[in-house]
Amino acid sequence: EIGKLSLELNELKESLMESKEKLTESVGVLKIQMEKKESLETQITDARETNEALSSAAEAVADANEVAMAQQAKAVAAAAAAKEEPPLAPVETGDLFSWDAPAPAPTT
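Note that this is a predicted model, so its numbers are computed, not measured. (Residues numbered from 1 in each chain as written. Predicted model: local features only at pLDDT ≥ 70, side-chain atom pairs only at ≥ 80, totals over all residues. Heavy atoms only, no water.)

**Student:** Give me the overall build of the protein chain: which residues, what numbers.
**Tutor:** Scanning the protein chain for helices and strands turns up 1 helix and 0 strands. A buried classification covers 0% of the 108 residues belonging to the protein chain. Element-wise, carbon and sulfur atoms account for 61% of the exposed surface of the protein chain, whose accessible area totals about 10700 Å². (Helix = DSSP H or I, 4+ residues; strand = E, 2+ residues; numbered from the N terminus. Buried < 20%, exposed > 50% of the residue type's maximum accessible area, 1.4 Å probe, protein only. Areas by Shrake-Rupley, 256 points an atom, 1.4 Å probe, with all protein chains shown as cover.)

**Student:** Describe the pattern of salt bridges, and please don't skip the residues or the numbers.
**Tutor:** Tallied over the entire structure, the rule returns 1 salt bridge. Of the charged contacts, one joins Glu41 and Lys37 as a salt bridge, the two residues approaching to 3.8 Å between their closest N and O atoms. Taken together, the residues span about one helical turn, with Glu41 and Lys37 both in helix α1 (residues 2–84) at a distance of 4 residues. For Glu41, a relative accessible area of 43% puts it in the partly exposed group. Judged by its relative accessible area of 52%, Lys37 falls in the exposed class. (Salt bridge = Lys/Arg side-chain N within 4 Å of Asp/Glu carboxyl O.)

**Student:** Help me get a handle on a negative patch on the surface, residues and values and all.
**Tutor:** A contiguous patch of negative charge on the surface is contributed by Glu8, Glu11, Glu14, Glu18, Glu21 and Glu25. Residue placement: Glu21 occurs in helix α1. (Patch = residues over 30% accessible without salt bridge, like charges linked within 9 Å, V, L, I, M, F, W, Y side chains within 5 Å. Lys, Arg positive; Asp, Glu negative; His and termini not counted. Charge placed at Lys NZ, Arg CZ, Asp CG, Glu CD.)

Here it is as structure tokens:
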């Protein structure tokens, strides 16, 4: 009976060792998977932040482009208006009270 119990004990010890090895392997795989998950979460966060920064930058560039185009349109319109209006020639104006004006001819 002791031989039978000893054999059963040895089988259980062997089974226990196999279970420990499987558990150790599973824990190792689990740790690797947890590290991968953490890395992926970090990458996702970084990608979201980068995407938000790029979207914000694109919007700022588009706004700046609109302002530049509006300024250019104003400059073109001002240049066109300047070309359409000929410069005014200097006009001599007489002073109504000037003594240099010729005296009216006497009427008889």
